[in-house]
Amino acid sequence: MVLKQLQALKAQHKSGFAVLADPDKIAPADMQHLARLCNNAGVNYLFMGGSLLMAHQMELCIQRFKSESDIPVVLFPGSPAQVTPYADALLYLTLISGRNPDLLIGQHVASAPQVKASGLEIISTGYIIVDGGNQTAVSYMSNTTPIPWDKPEIVLCTAWAGELQGKHVIYIDAGSGARRPVSEQIIEKVSANIDIPLIVGGGISTPDKVYENCRAGANIIVVGNAIERDPMLIRDMAQAAQAMNAHRTA
Ligand code: 1GP
């Protein structure tokens, strides 16, 4: 159960590391190699998803990954078209930083039969986009305005609203390829004041940043772009999260 693991991380003030694979950017033939890198590094999750779905190879990608790894595959879908029973769990996203009714309830109603039939573990996720200093695919595609990067109190109130609505987790995202990742100030403020796990991603490009985000209280750090550029970062970034956990245990 992925959610139980996330809740345990939150309870123990610990962090995990997730690799994000965009099915449009990675070929099924590369998935076994990626799986071995993730296995060796002790990666906690493979997140799968993207803003579009052009290549329609997601199921094959997941199958190839699973042929080499027991790491849970968690869908992080850009649209209901990316929901597939081949994964283990689904981040069931509600874009609570936005005011687009389609992403607050419309798409959920339309995709409910498919989601119910999927057999996936459903993780209700309050999804919050914070301005990352450039327009990212997620803010364009969602037709919503991100929360300003220097307004941690708005981010906190949004996270509280998600928690009060019964979301299982909060995901704060600066957007894929963000120039400016979510600040430690925001992470600290939200993490210290909610009782549900916190996922953070968008524009994280160094192991040091992973370490700082973990120290600030993120329970899962998600990295996509930087790893696509340099897959060797998987080991160093996962190690950074593990080092922070060791520090907390000591
Ligand atoms: C985007 O949080 C993810 O939704 C990861 O972003 O690709 O910039 O690492 P990057």
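For the structure itself, look to the data block above.
As the structure is a prediction and not an experimental result, all values here were calculated from the model.

A. Quick peek at a nonpolar patch on the surface. A contiguous nonpolar surface patch, about 340 Å² in accessible area, is contributed by Leu52, Tyr140 and Met141. By secondary structure assignment, the location of Met141 is in helix 5 (residues 137-142).

B. Spotlight on the pattern of salt bridges. Going through the model one piece at a time under the given rule, you end up with 7 salt bridges. The partner of Asp131 in a salt bridge is Arg180, with the nearest N and O atoms 3.6 Å apart. Of this pair, Asp131 sits in the loop between strand 5 (121-129) and helix 5 while Arg180 is found in the loop between strand 6 (169-173) and helix 7 (184-193), placing the two residues 49 residues apart along the sequence. Overall, Asp131 belongs to the partly exposed group, its relative accessible area being 27%. Residue classification places Arg180 among the partly exposed positions, given a relative accessible area of 29%. Where Glu212 meets Arg215, a salt bridge forms, and the shortest distance between an N and an O atom there is 3.0 Å. Residue Glu212 and its partner Arg215 are both found in helix 8 (residues 207-216); the two are separated by 3 residues, about one turn of the helix. Under the relative-accessibility criterion, Glu212 is labelled partly exposed at 28%. Of the residues examined, Arg215 reaches a relative accessible area of 47% and is grouped as partly exposed.

About the criteria used
Residues numbered from 1 in each chain as written. Predicted model: local features only at pLDDT ≥ 70, side-chain atom pairs only at ≥ 80, totals over all residues. Heavy atoms only, no water. Patch = residues over 30% accessible without salt bridge, like charges linked within 9 Å, V, L, I, M, F, W, Y side chains within 5 Å. Areas by Shrake-Rupley, 256 points an atom, 1.4 Å probe, with all protein chains shown as cover. Salt bridge = Lys/Arg side-chain N within 4 Å of Asp/Glu carboxyl O. Helix = DSSP H or I, 4+ residues; strand = E, 2+ residues; numbered from the N terminus. Buried < 20%, exposed > 50% of the residue type's maximum accessible area, 1.4 Å probe, protein only.

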